[in-house]
Structure formats: C-alpha cells, structure tokens
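Breakdown of the fold
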Amino acid sequence: MDYLVLDDFTPLSLQNQLETMIMYNDQVTWGYREQTAGVDGVDWSKVDPNIRETWMLQHDMFGHDVGVRSQFSFDLAKTNIFFLEHYIGKPIKMLQRIKANMTMKDVEAKGCHHPPHVDIANPDSFSMVYYLHDNTEGDTIIFDKKYNANNPSDRQHEGLKELTRVSPKKGRAVVFNSNRFHASSIPWKSERRCIINYVFFAEPNFLTKTVDK
C-alpha cells in the first residue's frame, strides 16, 4: 500500500485539545525556518513552475537524537501514535520525530506547492501528517517515487508524478513511507496551514491494516 488516509481515528476531544494547544497556546514556541524542504542548490522553477519554496515556522516536540524538546506538547501529541497503533493493529518500533509545521498565507502561491522531499531515506521508516484544522488549499501531495539510497542522485526529485492529494481536514491523517517523495501545498486564501509531522520506524508491512475499525 502506497499510503493510508485516516479520518477521525482519534476522539474529537483529543482533536480539539491538539488544535487548541498547537495553534492557540502562547506557551508553544515557534522557530523560523528559511525553507520547508531543506533541499539546497535546486532551481525549482526549472523543475516545475508550480513549485515554490517559502519560509515556515516549526515547533519541535521530540527528536530521537535529542529527546523531548517540549514536554507539555509532546505528552499530548504522542497520544496520536497510540491510536494509530490500535487502528492499524501493529506496533511502532521506534519514534524518530514529532514536530509541528506552520506555513503562512501567500497570495501569489495559488496552485503552487512546496518542493518535493523525503523525510528519511530508510525503507522501514514511516511518516504521518496529522491535520490540526480544516484548510481548503493546503493539500499534501504524494508522489509515485521513493528515494533510492543505492543511487543517491541529486536529481531524484525530477520527473515525479502525483499519486494523490490529501486535503487538510481536522482529525485526518495520512501515513506513508518516509522515503516517498511528498510535498505540502501553500495556503493562498487561508491565513495558515498547521500540521503535526510524525516520523517513526515499524515493520515494512505497517500500512496494511489488520484489525477492524
């Protein structure tokens, strides 16, 4: 399975708490990032005129190499992992990262998306994008190719074809292999797009659901 879209896999009370905590709590500290994808030295206009890089804000909650960065937000955000394990019917082996990303309104970005990228090149790693709120133009785009670690060309992001677009909906999540190319879309009507990004390791067949919903 290339990806899995989950709607309302957690209780509405948890969805509300996460939205309020991340988007409206002044205890959340946001750091500035100059790029969203972190891919340097690429003229994206030559790859695809619809690709547009922008700055973003990032709230770090957990990193495998540094541990918990924000205890109060991590404790609530990690609850989604437990619900994901229960829904899928398989355990997560190791948590790699939890962070929130916020991109802001760009009126010139209609129809554009951020540069395609992968989160981690490991084939046994998975990413989950969890949407904190409804947003009409902040789709996550899933592409057809995975990063080939055996042929680490700097041109693997070229020639990608869209598999699907997943629209932001409060309480929705999309799960896919972390080495699959993907991109976020840029809000041009809404004031912001805010998600939680999870990266973790699991069995290669993790995306195959084994229990009844």
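These lines cover the structure that appears in this document, whether it is placed above or below. This is a predicted model, so every value here is computed, not measured.

Section: the overall build of the chain
Scanning the chain for helices and strands turns up four helices and eleven strands. Against the globule reference of 17 Å for 213 residues, the chain gives a C-alpha radius of gyration of 16 Å, in line with a compact fold. In terms of overall dimensions, the chain has a C-alpha envelope of 45 × 40 × 35 Å along the principal axes. Put simply, the chain has 213 residues, and 50% of those count as buried. Counting contacts in the chain only where the partners sit at least 6 residues apart, residues at least 24 apart contribute 84% of the total.

Quick look at the environment of Tyr198
Looking at the element boundaries, Tyr198 is found in strand β11 (residues 192–202). Sequence spacing of Tyr198 and Asn80 is 118 residues, and the spatial spacing of their C-alpha atoms is 9.4 Å. Residues in contact with Tyr198, not counting those within four places in the same chain, are Ala77, Asn80, Ile81, Arg97, Ile98, Phe126, Ser127, Met128 and Tyr130. Reaching out from Tyr198, the side chain makes a polar contact with the side chain of Asn80 at a distance of 3.1 Å.

Side note on helix α1 (residues 12–24)
A rise of 1.5 Å per residue sets the reference length of α1, with its 13 residues, at 18 Å; its end C-alpha atoms lie 17 Å apart and thus fit the reference within 8%. Restricting attention to buried positions, one finds in α1 the residues Leu14, Gln15, Leu18, Glu19, Met21, Ile22 and Met23. Residues of α1 that are buried make contact with β3 (56–63), α3 (71–77), α4 (79–88), β5 (92–104), β6 (125–131) and β11.

Section: the sheet that holds strand β8 (residues 162–166)
One open sheet holds the three strands; their spatial order is β8-β7-β10, and the pairing between them is antiparallel. One side of each edge strand has no neighbouring strand; the edge strands of this open sheet are β8 and β10 (180–184). With direction set aside, neighbouring strand axes in the sheet form an average angle of 20°. Sheet analysis places strand β7 (residues 140–146) next to β10, joined by four bridges and oriented antiparallel. Directly across from Thr140, in β10, lies its bridge partner Ser184.

A word on the nonpolar core
By size, the foremost hydrophobic cluster in this structure holds 35 residues, and its most contacted members are Leu18, Leu84, Ile98, Ile196, Phe200 and Phe206. The residues contacting Ile98, other than those within four sequence positions of it, are Asp60, Met61, Phe62, Phe74, Ala77, Lys78, Ile196, Asn197 and Tyr198. Core analysis: the next-biggest nonpolar cluster, separate from the first, contains seven residues, Tyr131, Ile142, Val166 and Phe176 among them.

A few points about the packing of aromatic side chains
As enumerated under the stated definition, the model contains six aromatic pairs in all. With a centroid separation of 5.4 Å and an interplanar angle of 20°, the aromatic rings of Phe62 and Phe74 are classed as stacked. Remark: Phe74 occurs in helix α3 and Phe62 occurs in strand β3; sequence separation between them is twelve residues. Of the residues examined, Phe62 reaches a relative accessible area of 16% and is grouped as buried. Connected via pairs of aromatic rings, a cluster forms that spans Phe126, Phe200 and Phe206.

Structural notes on α4
Restricting attention to buried positions, one finds in α4 the residues Asn80, Ile81, Leu84, Tyr87 and Ile88. The arc that holds the buried residues of α4, viewed along the axis, is 125°, so those residues lie on one side. Directly beyond the C-terminal end of α4, a positive phi value near 90° is found at Gly89.

Description of the environment of Glu191
Looking at the element boundaries, Glu191 is found in the loop between β10 and β11. Counting along the chain gives 56 residues from Glu191 to Asn135, while the straight-line C-alpha distance between them is 9.4 Å. Aside from chain neighbours lying at most four places away, what touches Glu191 is Thr103, Met104 and Lys105.

What counts, and at which threshold
Residues numbered from 1 in each chain as written. Predicted model: local features only at pLDDT ≥ 70, side-chain atom pairs only at ≥ 80, totals over all residues. Heavy atoms only, no water. Helix = DSSP H or I, 4+ residues; strand = E, 2+ residues; numbered from the N terminus. Rg over C-alpha atoms; globule rule 2.2 N^0.38 Å. Buried < 20%, exposed > 50% of the residue type's maximum accessible area, 1.4 Å probe, protein only. Contact = heavy atoms within 4.5 Å. Polar contact = N/O pair within 3.5 Å; in protein donor to acceptor, adjacent residues only side chain to side chain. Expected span 1.5 Å × (residues − 1). Pairing = 2+ DSSP bridges. Axes fitted to C-alpha atoms, helices over the stretch in contact; angles between N-to-C directions. Core = buried A, V, L, I, M, F, W, Y, C linked by side-chain atoms within 4.5 Å. Phe/Tyr/Trp six-rings, centres within 6.5 Å; stacked < 30°, edge-to-face > 60°. Arc of directions from axis to C-beta.

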